[in-house]
Amino acid sequence: LCCRFANLPSEKKLEALQQDSLPREAFFEDAVACLASRDVGAKNGLDGYSPECKHRMKRRKIDNILTQNSKLVVKGVSLATDEGLIFKVLPECSPIASRSVMLYTNPFQIPPGWQVVNTSDVDFEMIRKLVIAQYSWGSYVLYVRDGDTFKCFDCLGSSTPGRVHTWNCLAVEGNTFRISSAHSRLLIRKK
């Protein structure tokens, strides 16, 4: 049922979600919340959903994921949406800054209330396309978590923005990070 629902056009998903008889097992609710926030929910908000479905999706904070309709705005050293999503890099640098030649050797930690962007995040593909590939961040590459390891992706200004890169300039020891290149940073998001 979950796979069938995922393959429906947006209009049919909306019709199905209006039916109180639609099964709402735990695994299915996650799929509904994710899919709705990316296509149905992004166009029509929560209008047309049953009250129970609206309640479940609000609880899941579906507005805290990046969608293709999200409007990103540079705010100092951060990139933010009207929905409250905030991204930034460490060491800090504006999303529109040109590449740095200054080497950062000081270790740093993730500030409270923030987390490293992860390839397993529901909205990672949108982050890769809209946050990494569309902004320079004063870097050639940005690191993100990939399970127990890290991957880096090319920023705007490289020949292949958004592509996985093979640099390994990030050292991690517990909660402490150190970058040994002037051309790479760690991408984090507000929780």
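Attention in this report is confined to the structure presented alongside it. What you see is a predicted model; the values in this text were computed from it and never measured. (Residues numbered from 1 in each chain as written. Predicted model: local features only at pLDDT ≥ 70, side-chain atom pairs only at ≥ 80, totals over all residues. Heavy atoms only, no water.)

**Points about the overall build of the protein chain**
Counting its regular elements, the protein chain contains five helices and eleven strands. Across the 191 residues that make up the protein chain, the buried fraction comes to 47%. Considering only residue pairs separated by 6 or more positions, the protein chain has 61% of its internal contacts joining residues 24 or more positions apart. In the form shown here, the protein chain has an accessible surface area of approximately 10200 Å², with 51% of it arising from carbon and sulfur atoms. (Helix = DSSP H or I, 4+ residues; strand = E, 2+ residues; numbered from the N terminus. Buried < 20%, exposed > 50% of the residue type's maximum accessible area, 1.4 Å probe, protein only. Contact = heavy atoms within 4.5 Å. Areas by Shrake-Rupley, 256 points an atom, 1.4 Å probe, with all protein chains shown as cover.)

**Observations concerning the pairing of strand β1 (residues 72-75)**
Direction of pairing for β1 relative to strand β2 (residues 78-81): antiparallel, over a ladder of four bridges. Each bridged residue has a counterpart across the sheet, and for Val74 the counterpart in β2 is Leu79. Adjacent in sequence and paired antiparallel, β1 and β2 are bridged by two residues, among which Gly76 carries a positive phi angle near 65°. (Pairing = 2+ DSSP bridges.)

**Overview of unusual backbone geometry**
With an omega dihedral of -15°, the bond running from Leu90 to Pro91 counts as a cis peptide bond. Summarising the element assignment, Pro91 is placed in the loop between β3 (86-90) and β4 (108-109). Phi at Trp137 is positive, roughly 55°, even though this residue is not glycine. Overall, the relative accessible area of 0% leaves Trp137 in the buried class.

**Points about the packing of aromatic side chains**
Applying the stated rule across the entire model yields five aromatic pairs. Each ring, one from Tyr140 and one from Trp167, has its centre 6.1 Å from the other, and the planes form 70°; the classification is edge-to-face. Here Tyr140, found in the loop between α5 (124-132) and β6 (141-146), pairs with Trp167, found in the loop between β8 (164-165) and β9 (170-173); they are 27 residues apart in sequence, far enough to count as distant. Given a relative accessible area of 30%, Trp167 falls into the partly exposed group. Of the aromatic side chains, those joined through ring pairs into one cluster are Phe108, Phe150 and Phe177. One residue, Lys88, lies across the ring of Trp114, its end atom 4.8 Å from the ring centre. (Phe/Tyr/Trp six-rings, centres within 6.5 Å; stacked < 30°, edge-to-face > 60°. Lys NZ or Arg CZ within 6 Å of the ring centre and 35° of its normal.)

**As for the pattern of salt bridges**
In total, this model carries six salt bridges according to the counting rule given. With a shortest N-O distance of 2.8 Å, Arg189 and Asp123 are connected by a salt bridge. A residue pair is termed long-range when its members are at least 10 positions apart, and Arg189 in strand β11 (residues 184-190) and Asp123 in the loop between β5 (114-116) and α5 qualify at 66 residues. Here Asp154 ties to Arg163 by a salt bridge, and the two come within 3.3 Å at their closest N and O atoms. Among the residues examined, Asp154 registers a relative accessible area of 3% and is labelled buried. (Salt bridge = Lys/Arg side-chain N within 4 Å of Asp/Glu carboxyl O.)

**Description of the nonpolar core**
One finds Phe87, Ile127, Val131, Ile132, Trp137 and Leu187 to be the most contacted residues of the largest nonpolar core, which totals 20 residues. Mapped onto this core, the elements with two or more residues apiece are β3, α5 and β6. Top contributing element to this core by residue count: α5, with five residues. If you look at the next biggest cluster of nonpolar residues, it comprises 13 residues, including Phe108, Trp114, Val141 and Leu170. (Core = buried A, V, L, I, M, F, W, Y, C linked by side-chain atoms within 4.5 Å.)

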